[in-house]
Amino acid sequence: MRNTHPAVPVRPYRVHIPQADLDDLRHRLRRTRWAPQLPGTGWERGVPADYLRDLAEHWAEGFDWRLQEASLNRFPHHTTVIDGANIHFVHVRSPEPDAVPLMLLHGWPGSIVEFWDLIGPLTDPAAHGGAARDAFHLVIPSLPGYGFSGPLPGTGWNDTRTAAALVRLMARLGYDRYGVQGGDVGAFIAPLMGRIAPDNVIGVHVNGLLTFPDGDTEVMAALTDAERARLEGMRRWQRELGAYMQLQGTRPQTIAAALHDSPVGQLAWIVERFKDWTDPAAELPEDAVDRDRILTDVSIYWFTGTAGSAAHTYYERFNDPAMRAPRTRGTVPTGVAVFPTDYSVRPLAERVHNVVRWTEYERGGHFAALEAPDLMAADIRAFFRELRP
């Protein structure tokens, strides 16, 4: 790894949670004051008490954080400071000398563990049934304010500021031409990186892309029945499943008090997203994503104390005038992967992005890199294959 800004150090980092923190988590889980549940109710009112109790018991008694920690440390971790914020990232270089640099961006309530099953297929495709020409050098940051990057140093960290910091990170690593992939929150930030640095970003690949009507009646009139149904699905999601977003976007400090103090509260807050957003064919979250992988994700938020910090990024997004301002169409080639729980509508996406590839899948869900890593890896390879220098 080459740091082109030696005055600002890039330091090696190793994940290690103190044993006292592990003991404290187990103690808190064992002393949970469980909320009663109304008879005859289920997931439609939130995470069922029996399910949550069983999952929390596994977190306390069966889940092996040290095993997950060792898995995390299989890859090289680093930290650096950009714009006053600590930024943690994993940097995995491909054995292929002509590999293209690629940044992978998680969303909320995600973390770097979303991409664990992509690292091998993307850095060393020849060893995973692919072609060596499709290899990538990977940079996988914990978004500012998330996970091992730690809490934000202050206010004002909207998506544009985050995107600018990540552009600087790639420059600091010596990468002049690179791709970006992002899902969920990452699908907001990745295109912004392309707008900030169009001469550096060769292409943007997204999943979980949200597309909104912009008032153009002709575009709306031309939507197909399937596209109208998907748009209505997004509206229904906003009405019925968007309470977390409204709370984090308007009163993040209030929810931070609960999430920072109660591991079961943090667990319920996140696992509900896995229930609502994973493949509809999955009855329970762990039918779509391995239970211990979910708990690793939740544990990262807990041990780093970043649940509140991540919530504050929603407040910044809600209060960012740029989010509501008209945008010119981006110029960087963009690929969109659409999974069953995504509500992306192509004609609306094309109003804002230079969409050159659009692929829809019948399995997987919002956490596509976790649920269908084979499909995601293949789509990323196919998209960037046409853009490589």
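What you see is a predicted model, and the numbers here were worked out from it, not measured in a lab. (Residues numbered from 1 in each chain as written. Predicted model: local features only at pLDDT ≥ 70, side-chain atom pairs only at ≥ 80, totals over all residues. Heavy atoms only, no water.)

Asker: Which residues make up the pattern of salt bridges, and what values do they have?
Answerer: Using the criterion set out here, one finds 21 salt bridges in the structure. Ionic pairing is found between R28 and D24, a salt bridge with its closest N-O pair at 2.8 Å. Residue R28 and its partner D24 are located together in helix α1 (residues 19-30), separated by four residues, close to a single helical turn. Judged by its relative accessible area of 30%, D24 is partly exposed. In this structure, E350 and R346 form a salt bridge, with 2.8 Å as the shortest nitrogen-oxygen distance. Note that E350 and R346 are positioned in helix α15 (residues 346-352) at a spacing of four residues, about one turn of the helix. Residue classification places E350 among the partly exposed residues on the basis of a relative accessible area of 31%. Overall, the relative accessible area of 30% leaves R346 in the partly exposed class. (Salt bridge = Lys/Arg side-chain N within 4 Å of Asp/Glu carboxyl O. Helix = DSSP H or I, 4+ residues; strand = E, 2+ residues; numbered from the N terminus. Buried < 20%, exposed > 50% of the residue type's maximum accessible area, 1.4 Å probe, protein only.)

Asker: Any chance you could break down the UniProt feature "domain: Epoxide hydrolase N-terminal" (unreviewed entry) in the chain for me, citing the residues and the numbers?
Answerer: When the UniProt feature table is mapped onto this chain numbering, "domain: Epoxide hydrolase N-terminal" (unreviewed entry) sits at residues 10-115. Taken as a whole, residues 10-115 contains 31% helix and 22% strand, while its terminal C-alpha atoms sit 22 Å from one another. (UniProt positions renumbered as here; feature names shortened; annotations may be inferred.)

Asker: Could you give me a rundown of the packing of helix α2 (residues 49-61) against helix α13 (residues 291-304), with the residues and numbers involved?
Answerer: The N-to-C vectors of α2 and α13 enclose an angle of 75°; their axes lie 11 Å apart at closest approach. Between α2 and α13, the crossing angle belongs to the class labelled roughly perpendicular. When α2 is examined against α13, the residues D54, L55, H58 and W59 are found in contact with a partner set consisting of R291, D292, L295, V298 and S299. Partitioned by chemical class, the residues of the contact of α2 with α13 number four nonpolar, two polar and three charged. (Axes fitted to C-alpha atoms, helices over the stretch in contact; angles between N-to-C directions. Parallel < 35°, antiparallel > 145°, perpendicular 65-115°, else oblique. Contact = heavy atoms within 4.5 Å. Nonpolar A, V, L, I, M, F, W, Y, C, P; charged D, E, K, R; others polar.)

Asker: Summarise the packing of aromatic side chains; cite the residues concerned and give the values.
Answerer: According to the stated counting rule, one finds 14 aromatic pairs in the structure shown. Here F75 and W116 contribute two aromatic rings whose centre-to-centre distance is 5.2 Å and whose plane-to-plane angle is 85°, an arrangement assigned as edge-to-face. Pair noted here: F75 is in the loop between α3 (65-72) and β2 (77-82) and W116 is in helix α4 (residues 116-123), with a separation of 41 residues, a long-range link. Just as F75 is buried, W116 falls in that class too. Ring centres of F136 and F384 lie 5.7 Å apart, and the angle between their planes is 80°; this geometry places the pair in the edge-to-face category. Pair noted here: F136 is in strand β5 (residues 136-142) and F384 is in helix α17 (residues 373-385), with a separation of 248 residues, a long-range link. One aromatic cluster in this structure is built from W108, Y244, F274, W277, Y314 and F367. Geometry around W43 places K275 over its ring, the cationic atom sitting 5.4 Å from the centre. Directly above the aromatic system of Y314 lies the positively charged group of R317, at a separation of 4.9 Å from the ring centroid. (Phe/Tyr/Trp six-rings, centres within 6.5 Å; stacked < 30°, edge-to-face > 60°. Lys NZ or Arg CZ within 6 Å of the ring centre and 35° of its normal.)

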